[in-house]
Amino acid sequence: MFEMFKFAFMTNALVVGVLIAVCCALLGVVLVLKRYSMIGDGLSHVGFGALSVAAVLNLGAPIWLALPVVMISAFFLLRLTENSKINSDAAIAVISSSALAIGVFIASLNGTNINLQQYMFGSILAVEQSDIIVSIILAVVVIALYVLFYNKIFAITFDEGFAKATGMNTRLYNIFVSLLTAVTIVVGMKMLGTLLISAMIIFPALTSMRICKRFLSVILTSVGVSVFSVVSGLCLSFQTDTPVGATIVIINLIIFLMFLLISIIKKKLRK
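Residues numbered from 1 in each chain as written. Predicted model: local features only at pLDDT ≥ 70, side-chain atom pairs only at ≥ 80, totals over all residues. Heavy atoms only, no water.

Engineer: Report on the overall build of the chain, specifying residues and quantitative values.
Structural biologist: Helix and strand counts for the chain stand at 12 helices and zero strands. Beginning at the N terminus, the succession of helices and strands in the chain can be written as α-α-α-α-α-α-α-α-α-α-α-α. Over its C-alpha trace the chain gives a radius of gyration of 19 Å, about what one expects of a compact globule, namely 18 Å for 271 residues. Taking the principal axes of its C-alpha atoms as reference, the chain extends roughly 55 × 45 × 30 Å. A buried classification covers 52% of the 271 residues belonging to the chain. (Helix = DSSP H or I, 4+ residues; strand = E, 2+ residues; numbered from the N terminus. Rg over C-alpha atoms; globule rule 2.2 N^0.38 Å. Buried < 20%, exposed > 50% of the residue type's maximum accessible area, 1.4 Å probe, protein only.)

The structure is reproduced here in C-alpha coordinates:
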(Lines give C-alpha, C1' and ligand atoms only; values in the text may rest on other atoms or scores of the structure.)
Protein backbone atom coordinates (compact mmCIF):
# COMPACT_ATOMS: atom_id res chain seq x y z
CA MET A 1 0.00 0.00 0.00
CA PHE A 2 2.81 2.40 0.86
CA GLU A 3 4.42 1.88 -2.54
CA MET A 4 1.71 3.99 -4.17
CA PHE A 5 3.00 7.06 -2.37
CA LYS A 6 6.29 6.76 -4.27
CA PHE A 7 4.43 8.55 -7.06
CA ALA A 8 4.58 12.34 -6.77
CA PHE A 9 0.92 12.84 -7.70
CA MET A 10 -0.19 10.47 -4.92
CA THR A 11 1.93 12.30 -2.36
CA ASN A 12 0.51 15.63 -3.50
CA ALA A 13 -3.02 14.25 -3.35
CA LEU A 14 -2.47 12.81 0.12
CA VAL A 15 -1.12 16.06 1.60
CA VAL A 16 -3.76 18.26 -0.02
CA GLY A 17 -6.51 15.74 0.74
CA VAL A 18 -5.71 15.51 4.45
CA LEU A 19 -5.44 19.30 4.83
CA ILE A 20 -8.70 19.88 2.95
CA ALA A 21 -10.34 17.12 5.01
CA VAL A 22 -9.42 18.93 8.23
CA CYS A 23 -10.75 22.24 6.90
CA CYS A 24 -13.97 20.66 5.62
CA ALA A 25 -14.59 18.98 8.96
CA LEU A 26 -13.99 22.10 11.05
CA LEU A 27 -16.01 24.40 8.83
CA GLY A 28 -18.68 21.77 8.20
CA VAL A 29 -19.56 21.46 11.88
CA VAL A 30 -20.38 25.17 12.03
CA LEU A 31 -22.27 25.18 8.71
CA VAL A 32 -24.36 22.12 9.53
CA LEU A 33 -25.26 23.27 13.03
CA LYS A 34 -26.21 26.71 11.69
CA ARG A 35 -28.18 25.04 8.87
CA TYR A 36 -25.98 26.66 6.23
CA SER A 37 -24.83 23.35 4.74
CA MET A 38 -26.37 24.07 1.32
CA ILE A 39 -24.01 27.01 0.92
CA GLY A 40 -21.20 24.56 0.21
CA ASP A 41 -23.12 22.99 -2.65
CA GLY A 42 -23.99 26.38 -4.09
CA LEU A 43 -20.40 27.62 -3.93
CA SER A 44 -19.04 24.52 -5.64
CA HIS A 45 -21.35 25.08 -8.60
CA VAL A 46 -20.39 28.75 -8.74
CA GLY A 47 -16.75 27.64 -8.80
CA PHE A 48 -17.39 25.38 -11.78
CA GLY A 49 -19.01 28.26 -13.67
CA ALA A 50 -16.00 30.48 -12.97
CA LEU A 51 -13.59 27.74 -14.07
CA SER A 52 -15.50 27.33 -17.32
CA VAL A 53 -15.18 31.04 -18.09
CA ALA A 54 -11.47 30.90 -17.28
CA ALA A 55 -11.00 27.93 -19.60
CA VAL A 56 -12.76 29.65 -22.49
CA LEU A 57 -10.57 32.72 -21.95
CA ASN A 58 -7.50 30.41 -22.01
CA LEU A 59 -6.24 31.61 -18.66
CA GLY A 60 -3.21 29.67 -17.44
CA ALA A 61 -4.37 29.31 -13.84
CA PRO A 62 -8.20 29.22 -13.80
CA ILE A 63 -8.28 28.58 -10.05
CA TRP A 64 -7.18 32.18 -9.41
CA LEU A 65 -10.24 33.47 -11.26
CA ALA A 66 -12.57 31.05 -9.50
CA LEU A 67 -11.25 31.96 -6.05
CA PRO A 68 -12.38 35.63 -5.91
CA VAL A 69 -15.66 34.81 -7.69
CA VAL A 70 -16.54 32.10 -5.17
CA MET A 71 -15.49 34.28 -2.24
CA ILE A 72 -17.76 37.10 -3.43
CA SER A 73 -20.55 34.56 -3.93
CA ALA A 74 -20.01 33.27 -0.39
CA PHE A 75 -20.50 36.77 1.00
CA PHE A 76 -23.64 37.20 -1.14
CA LEU A 77 -25.11 33.85 -0.09
CA LEU A 78 -24.43 34.65 3.56
CA ARG A 79 -26.42 37.85 3.23
CA LEU A 80 -29.26 35.86 1.68
CA THR A 81 -29.38 33.44 4.62
CA GLU A 82 -29.45 36.36 7.06
CA ASN A 83 -32.35 38.03 5.25
CA SER A 84 -35.55 36.48 6.60
CA LYS A 85 -37.56 37.97 3.71
CA ILE A 86 -35.86 35.64 1.25
CA ASN A 87 -36.12 31.85 1.25
CA SER A 88 -32.40 31.08 1.49
CA ASP A 89 -32.71 27.44 0.38
CA ALA A 90 -34.57 28.44 -2.77
CA ALA A 91 -32.11 31.26 -3.49
CA ILE A 92 -29.10 28.96 -3.09
CA ALA A 93 -30.74 26.33 -5.31
CA VAL A 94 -31.38 28.91 -8.05
CA ILE A 95 -27.82 30.26 -7.89
CA SER A 96 -26.14 26.83 -7.81
CA SER A 97 -28.18 25.35 -10.66
CA SER A 98 -27.79 28.50 -12.76
CA ALA A 99 -24.01 28.61 -12.22
CA LEU A 100 -23.67 24.93 -13.15
CA ALA A 101 -25.77 25.40 -16.29
CA ILE A 102 -23.77 28.47 -17.32
CA GLY A 103 -20.53 26.53 -16.80
CA VAL A 104 -21.65 23.61 -18.97
CA PHE A 105 -23.03 25.96 -21.63
CA ILE A 106 -19.83 28.03 -21.84
CA ALA A 107 -17.68 24.89 -21.89
CA SER A 108 -19.71 23.51 -24.80
CA LEU A 109 -19.02 26.66 -26.84
CA ASN A 110 -15.31 25.91 -26.68
CA GLY A 111 -15.59 22.17 -27.22
CA THR A 112 -14.78 19.37 -24.76
CA ASN A 113 -12.22 20.41 -22.16
CA ILE A 114 -10.52 17.69 -20.13
CA ASN A 115 -9.61 20.10 -17.34
CA LEU A 116 -13.26 20.96 -16.79
CA GLN A 117 -14.05 17.25 -16.62
CA GLN A 118 -11.44 16.93 -13.90
CA TYR A 119 -12.99 19.81 -11.96
CA MET A 120 -16.46 18.31 -12.38
CA PHE A 121 -15.62 14.81 -11.12
CA GLY A 122 -12.21 15.28 -9.48
CA SER A 123 -8.83 13.79 -10.31
CA ILE A 124 -5.71 13.13 -8.25
CA LEU A 125 -3.67 13.97 -11.35
CA ALA A 126 -5.00 17.54 -11.24
CA VAL A 127 -3.42 18.24 -7.82
CA GLU A 128 -0.17 20.16 -8.11
CA GLN A 129 2.54 21.22 -5.67
CA SER A 130 1.20 24.78 -5.70
CA ASP A 131 -2.02 23.40 -4.24
CA ILE A 132 -0.03 22.08 -1.28
CA ILE A 133 1.13 25.58 -0.38
CA VAL A 134 -2.41 26.97 -0.61
CA SER A 135 -3.75 24.04 1.43
CA ILE A 136 -1.15 24.50 4.17
CA ILE A 137 -1.94 28.21 4.47
CA LEU A 138 -5.67 27.48 4.49
CA ALA A 139 -5.38 24.76 7.15
CA VAL A 140 -3.23 26.97 9.38
CA VAL A 141 -5.76 29.81 9.13
CA VAL A 142 -8.76 27.56 9.84
CA ILE A 143 -7.13 25.80 12.79
CA ALA A 144 -5.85 29.11 14.19
CA LEU A 145 -9.35 30.56 13.89
CA TYR A 146 -10.76 27.67 15.90
CA VAL A 147 -8.07 27.81 18.58
CA LEU A 148 -8.10 31.59 19.05
CA PHE A 149 -11.84 32.16 18.74
CA TYR A 150 -13.27 28.85 19.93
CA ASN A 151 -15.68 30.43 22.43
CA LYS A 152 -16.94 32.96 19.90
CA ILE A 153 -17.43 30.28 17.24
CA PHE A 154 -19.33 28.22 19.80
CA ALA A 155 -21.52 31.24 20.58
CA ILE A 156 -22.45 32.11 17.00
CA THR A 157 -23.07 28.45 16.21
CA PHE A 158 -25.57 27.71 18.96
CA ASP A 159 -27.06 31.08 19.95
CA GLU A 160 -26.20 33.83 17.50
CA GLY A 161 -28.97 36.06 18.85
CA PHE A 162 -27.53 36.01 22.38
CA ALA A 163 -24.00 36.51 21.06
CA LYS A 164 -25.16 39.57 19.12
CA ALA A 165 -26.93 40.92 22.23
CA THR A 166 -23.67 40.73 24.19
CA GLY A 167 -22.00 43.02 21.66
CA MET A 168 -20.20 40.39 19.59
CA ASN A 169 -19.70 41.18 15.91
CA THR A 170 -21.41 37.99 14.72
CA ARG A 171 -21.49 39.10 11.09
CA LEU A 172 -17.68 39.34 11.02
CA TYR A 173 -17.24 35.76 12.24
CA ASN A 174 -19.89 34.49 9.84
CA ILE A 175 -18.04 36.20 7.00
CA PHE A 176 -14.78 34.55 8.08
CA VAL A 177 -16.41 31.11 8.06
CA SER A 178 -18.05 31.71 4.67
CA LEU A 179 -14.86 32.98 3.01
CA LEU A 180 -12.77 30.12 4.39
CA THR A 181 -15.42 27.70 3.14
CA ALA A 182 -15.17 29.28 -0.31
CA VAL A 183 -11.38 28.85 -0.41
CA THR A 184 -11.66 25.25 0.85
CA ILE A 185 -14.16 24.39 -1.86
CA VAL A 186 -12.10 25.90 -4.68
CA VAL A 187 -8.92 24.09 -3.57
CA GLY A 188 -10.74 20.81 -2.93
CA MET A 189 -12.57 20.85 -6.26
CA LYS A 190 -9.44 19.65 -8.07
CA MET A 191 -9.38 16.33 -6.24
CA LEU A 192 -13.00 15.75 -5.25
CA GLY A 193 -14.82 17.53 -8.05
CA THR A 194 -17.58 20.12 -8.15
CA LEU A 195 -20.36 17.63 -7.57
CA LEU A 196 -18.82 15.95 -4.51
CA ILE A 197 -16.83 18.56 -2.55
CA SER A 198 -19.92 19.68 -0.62
CA ALA A 199 -20.35 16.12 0.66
CA MET A 200 -16.99 16.41 2.44
CA ILE A 201 -18.37 19.39 4.34
CA ILE A 202 -21.68 17.78 5.30
CA PHE A 203 -20.95 14.08 5.91
CA PRO A 204 -18.26 14.22 8.66
CA ALA A 205 -20.31 16.67 10.74
CA LEU A 206 -23.53 14.69 10.38
CA THR A 207 -21.68 11.45 11.14
CA SER A 208 -20.08 12.70 14.34
CA MET A 209 -23.40 14.11 15.57
CA ARG A 210 -24.92 10.63 15.57
CA ILE A 211 -22.99 9.60 18.68
CA CYS A 212 -21.35 12.79 20.02
CA LYS A 213 -23.25 15.38 22.01
CA ARG A 214 -20.58 17.90 23.05
CA PHE A 215 -19.34 20.52 20.60
CA LEU A 216 -15.66 19.69 21.08
CA SER A 217 -16.22 15.95 20.70
CA VAL A 218 -18.24 16.57 17.53
CA ILE A 219 -15.35 18.62 16.11
CA LEU A 220 -12.65 16.07 16.93
CA THR A 221 -14.70 13.11 15.70
CA SER A 222 -15.61 14.97 12.53
CA VAL A 223 -11.93 15.65 11.80
CA GLY A 224 -11.06 12.00 12.43
CA VAL A 225 -13.82 10.72 10.15
CA SER A 226 -12.91 13.20 7.41
CA VAL A 227 -9.18 12.40 7.42
CA PHE A 228 -9.80 8.64 7.56
CA SER A 229 -12.22 8.77 4.62
CA VAL A 230 -9.75 10.74 2.48
CA VAL A 231 -6.74 8.51 3.23
CA SER A 232 -8.67 5.26 2.82
CA GLY A 233 -10.45 6.65 -0.26
CA LEU A 234 -7.16 7.53 -1.93
CA CYS A 235 -5.74 4.08 -1.25
CA LEU A 236 -8.88 2.26 -2.43
CA SER A 237 -9.19 4.47 -5.50
CA PHE A 238 -5.58 3.76 -6.49
CA GLN A 239 -5.99 -0.01 -6.03
CA THR A 240 -9.37 -0.33 -7.78
CA ASP A 241 -8.90 2.43 -10.39
CA THR A 242 -12.13 4.19 -9.37
CA PRO A 243 -12.80 7.96 -9.25
CA VAL A 244 -11.19 9.32 -6.10
CA GLY A 245 -13.97 11.78 -5.27
CA ALA A 246 -16.72 9.20 -5.53
CA THR A 247 -14.69 6.67 -3.53
CA ILE A 248 -14.12 9.11 -0.68
CA VAL A 249 -17.79 10.09 -0.53
CA ILE A 250 -18.91 6.45 -0.54
CA ILE A 251 -16.60 5.73 2.40
CA ASN A 252 -18.14 8.73 4.16
CA LEU A 253 -21.58 7.27 3.49
CA ILE A 254 -20.60 3.88 4.90
CA ILE A 255 -19.17 5.46 8.07
CA PHE A 256 -22.32 7.58 8.45
CA LEU A 257 -24.53 4.50 8.23
CA MET A 258 -22.34 2.71 10.79
CA PHE A 259 -22.56 5.62 13.23
CA LEU A 260 -26.30 5.85 12.63
CA LEU A 261 -26.70 2.16 13.44
CA ILE A 262 -24.62 2.60 16.61
CA SER A 263 -26.79 5.52 17.73
CA ILE A 264 -29.98 3.49 17.17
CA ILE A 265 -28.59 0.56 19.16
CA LYS A 266 -27.55 2.89 21.99
CA LYS A 267 -31.04 4.40 22.17
CA LYS A 268 -32.65 0.98 22.33
CA LEU A 269 -30.27 -0.16 25.07
CA ARG A 270 -31.12 2.92 27.14
CA LYS A 271 -34.82 2.14 26.89
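Now that the structure has been shown, we can carry on.
Engineer: I'd like a rundown of unusual backbone geometry, residues and numbers included.
Structural biologist: With a phi angle near 60 degrees, Arg35 is a residue other than glycine that sits in the positive phi range. Given the relative accessible area of 77%, Arg35 is considered exposed.

Engineer: Tell me about the packing of helix α11 (residues 215-240) against helix α12 (residues 244-270), residues and numbers included.
Structural biologist: Direction vectors running N to C along α11 and α12 enclose 135 degrees, while the axes themselves pass 8 Å from each other. Taken as axis vectors, α11 and α12 run oblique relative to one another. Crossing of α11 over α12 shows right-handed handedness. Residues Thr221, Val225, Phe228, Ser229, Val230, Ser232, Gly233, Leu234, Leu236 and Ser237 of α11 form the contact with α12, whose own contacting residues are Val244, Thr247, Ile248, Ile251, Asn252, Ile255 and Phe259. Considered class by class, the residues forming the contact of α11 with α12 number 10 nonpolar, seven polar and no charged. (Axes fitted to C-alpha atoms, helices over the stretch in contact; angles between N-to-C directions. Parallel < 35°, antiparallel > 145°, perpendicular 65-115°, else oblique. Left-handed = near helix turned anticlockwise from the far one by under 90°. Contact = heavy atoms within 4.5 Å. Nonpolar A, V, L, I, M, F, W, Y, C, P; charged D, E, K, R; others polar.)

Engineer: Hey, could you go over the pattern of salt bridges for me, with residue numbers and the actual values?
Structural biologist: Tallied over the full model, the rule gives one salt bridge. A salt bridge links Lys34 to Glu160; the shortest N-O distance between them is 2.6 Å. Within this pair, whereas Lys34 is found in the loop between α1 (8-33) and α2 (38-56), its partner Glu160 is found in helix α8 (residues 160-165), the two being separated by 126 residues in sequence. Both residues of the pair, Lys34 and Glu160, count as buried. (Salt bridge = Lys/Arg side-chain N within 4 Å of Asp/Glu carboxyl O.)

Engineer: Which residues make up the nonpolar core, and what values do they have?
Structural biologist: Core analysis: the biggest nonpolar cluster contains 71 residues, and Leu43, Met191 and Leu234 have the highest contact counts within it. Here this core takes 16 residues from α1, the largest share from any one element. Those residues in contact with Leu234 that sit more than four places away from it in its chain are Met10, Ala13, Leu14, Ile124, Met191, Val244 and Ile248. The next biggest cluster of nonpolar side chains, apart from the first, holds five residues, and it includes Ala155, Ile156, Ala163 and Met168. (Core = buried A, V, L, I, M, F, W, Y, C linked by side-chain atoms within 4.5 Å.)

Engineer: Give a detailed account of helix α7 (residues 150-158), specifying residues and quantitative values.
Structural biologist: When we look at burial in α7, the residues that qualify are Ile153, Ala155, Ile156 and Thr157. Looking at the packing, one finds that the buried side of α7 touches α1, α6 (129-148), α8, α9 (170-192) and α11.

Engineer: Hey, could you go over α6 for me, with residue numbers and the actual values?
Structural biologist: Each turn of an α-helix holds 3.6 residues, which means side chains three or four residues apart point in the same direction. Its 20 residues place the ends of α6 29 Å apart at the C-alpha level, agreeing with the 28 Å of an ideal helix rising 1.5 Å per residue. Taken together, the buried positions of α6 are occupied by Asp131, Ile132, Ser135, Leu138, Ala139, Val142, Leu145 and Tyr146. The arc enclosing the buried residues of α6, seen along the axis, measures out at 160 degrees, which places them on a common side. Facing away from the buried surface of α6 by more than 90 degrees, the exposed residues are Gln129, Ile133, Ile137, Val140, Val147 and Leu148. (Expected span 1.5 Å × (residues − 1). Arc of directions from axis to C-beta.)

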